[in-house]
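# Residue-level structural notes
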Amino acid sequence: MRISVLGLGYVGSVSAACLAGQGHEVIGVDVNQAKVDLVNAGTAPVVEERIGDLVAEVVRTGALRATGDVREAVVESDVSLVCVGTPSEPNGSLCTTYLERVTEQIGAALVDRGGRHTVVFRSTMLPGTCLNLLVPILEKHVGGTAGVDFGVAVNPEFLREGTSVRDFLDPPKTVIGELDPASGDVVAALYDGLPGEVFRVRIPTAEAIKYADNAFHGLKIGFANELGAVCQALGVDSYEVMDVFLADRKLNISPAYLRPGFAFGGSCLPKDLRSLVYAAQRADVSVPILAHVLPSNTDHLQRAVDLVERTGKRRAGLFGLSFKPGTDDLRESPLVELAERLFGKGYDLKIYDANVNLSRLLGANRAYIETRLPHLAQLLADTVGEVLDHAEVCLVGTRDPAVLSALPRGDGPPLIDLVRLPDAAERRAEPEYTGLAW
C-alpha cells in the first residue's frame, strides 16, 4: 500500500519504518525540517532500540522517504496515518490544535487527489474527538461525506518506548475503530500477517481503549509504589510481597507495571490521566481513584527528594534523565522533574545519561527541556566518572551497564536507588545504600 505518516515523533517514526519494512511504500511528513532531513539521510530522528538500522535499510531501498509537504504526501498515498502529538493544556484538557491543523491540511489535499482515501488517526484523543471534531473538518474541506467519499478510522497504538519496534511487530492487540467496513478493511490490511487479536469496534470505543489501558497502567504503578513505600517503612521486603501477589494469575491479572520503582512519566500516562479526569469532571462524574493517581505519583517522586535532603549533602549526582531506558525522550520524565526540584533547592547537581545529547534533541522533546530545565547544558556530564568525582550523594535512575559497573560498594557516598539495582538485595546490608521503596 502507499501510506503517508503525518508526524515523525516516536509513534510516527516507528510506524513509518515498520510499515516500510513490511513492504509498503511510505512517505513520512513533519513540520520540523530537521526530522525530514534525518529520515531522508537514513537516520532515525529518535533514539529507540532497532529503529536506527531499520530506518537506514528502508530508506536505502526506497521504501521510506520524508517531506514537509502534507499535500504531496496525501496525493501520493492511499491511506494517511495521523501521528501528531496531543499534549495536555495547562488545565489538564486535551490539546487538539495539531490534530485540527493536520486534518485541515489533509482535507484540502483530498480535494485535489480524487479517488477514495482513508484517513487513520493514531494520535491519542478522547472519545468523541474524531466524530465530533475531526470528521466535520474533513467533510467541510473535502465537500463530501465520510464513509462514502473518503474513509475514516481510529487505530490507537500500544507501543512502549524502548521496545516499540518489537511491540509493532508483535502487538498485544490491534484495535481498529471503523466508521464503515471499507475503512476498517484498509487498516486491517496494514497489519496483515502480524500476530495478536484484532478488535474492530466503533470509533469512540477505539478512542476510549487507549485511555483505559493507560489509566490502568498508571494506577498499577501507583499501587505498587505506594505498597512498596509502606512495606519499606514496616521493614518488609516489598519484592517478596509482590512475588507472592503476582503468583495469582486468576485475580491479579498480570505482572505488568506492578513492580515498585520510581515515579512514572513520559508523553502518555500523565497527560492521558489528566485528560480523563478533566473529562470526568466536566461530566460531573466523580473519579476519586483516578484523580489521585497523579498526586500519588508526585508524592512518590518527592520521597526521592526527601531522601537526598536527609543525607545533609549538597553535591548530588544523578544517573539517568530520559523517562524510559534506551531512549532520549525527556517529556514529562520524572527524572527531569527530580533534577528540576533538586536544582531549585540549590543542590550542586551533575547528571549523566548516555542517550541524552542536547544537540540531538528535536521538536517537542527539545521544547520541553528548554522550558523545564533550561540549565541542563551546564548540568550534563560526559562520563560516569565525572559524576562520581563530583557527588556527595548519588541517585541511580538507570540500569545502564556502564553506570552499574562503576557504582561504588561499601564506603562510597550515600546511594539512593530509584530503579532497584540488580544487586539491590546484597546492597541493602550496606549503610550507605537506600532503596526508594524496597
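Small disclaimer: the values here were computed from a predicted structure and weren't measured.

## Some details on unusual backbone geometry
Of note, Arg50 is a non-glycine position whose phi angle comes to about 75 degrees, a positive value. Here Arg50 falls in the partly exposed class, since its relative accessible area comes to 46%. We note that Arg420 has phi near 55 degrees; this positive angle belongs to a residue other than glycine. Position of Arg420 relative to the elements: it lies in the loop between strand E12 (415–417) and helix H19 (424–427). Take Arg420: its relative accessible area is 13%, and that puts it in the buried class.

## A closer look at helix H3 (residues 51–60)
Every buried residue belonging to H3 is among Ile51, Val55, Val58 and Val59, and all of these are buried. Taken around the axis of H3, the buried residues stretch over an arc of 100 degrees, which confines them to a single face. Residues of H3 that are exposed and angled more than 90 degrees away from the buried face: Asp53 and Arg60. Structurally, H3 contributes buried residues whose contacts are with helix H1 (10–21), helix H2 (33–40), strand E3 (64–67) and helix H7 (164–169). One or two positions beyond H3, positive phi appears at Gly62, with a value near 85 degrees.

## Considerations on the pairing of strand E11 (residues 393–396)
The side chains of a regular strand alternate between both faces of the sheet. Side chains Val393 and Leu395 project from E11 onto one buried face, and the interleaved Cys394 and Val396 project onto a second face that is buried too. As defined by bridge partners, strand E9 (residues 315–319) adjoins E11 across four bridges and the pair is classed as parallel. Residue pairing in the sheet places Leu318 in a bridge with Leu395 of E11. In this fold, E11 hands off to helix H18 (residues 401–406), which returns the chain to E12; that crossover is right-handed.

## Examining the side chain of Ser4
Residue placement: Ser4 occurs in strand E1 (residues 2–6). A relative accessible area of 0% places Ser4 in the buried class. At a separation of 3.1 Å, a polar atom in the side chain of Ser4 contacts the side chain of Ser77. For Ser4, the residues in contact, after removing those within four places along its chain, are Ile27, Ala73, Val74, Ser77, Val79, Ser80 and Leu81.

## Details of the sheet that holds strand E8 (residues 198–201)
Pairing is mixed in the open sheet, where eight strands are placed in the order E3-E2-E1-E4-E5-E6-E7-E8. A strand with exactly one partner marks an edge of an open sheet, and here the two such strands are E3 and E8. Between one strand axis and the next, the sheet turns by 25 degrees as a mean value, whatever way the strands run. In this sheet, E8 lies alongside strand E7 (residues 174–178) in parallel orientation, the contact comprising four bridges.

Analysis parameters
Residues numbered from 1 in each chain as written. Predicted model: local features only at pLDDT ≥ 70, side-chain atom pairs only at ≥ 80, totals over all residues. Heavy atoms only, no water. Buried < 20%, exposed > 50% of the residue type's maximum accessible area, 1.4 Å probe, protein only. Helix = DSSP H or I, 4+ residues; strand = E, 2+ residues; numbered from the N terminus. Arc of directions from axis to C-beta. Contact = heavy atoms within 4.5 Å. Pairing = 2+ DSSP bridges. Right-handed = clockwise from strand over helix to strand, strands pointing away. Polar contact = N/O pair within 3.5 Å; in protein donor to acceptor, adjacent residues only side chain to side chain. Axes fitted to C-alpha atoms, helices over the stretch in contact; angles between N-to-C directions.

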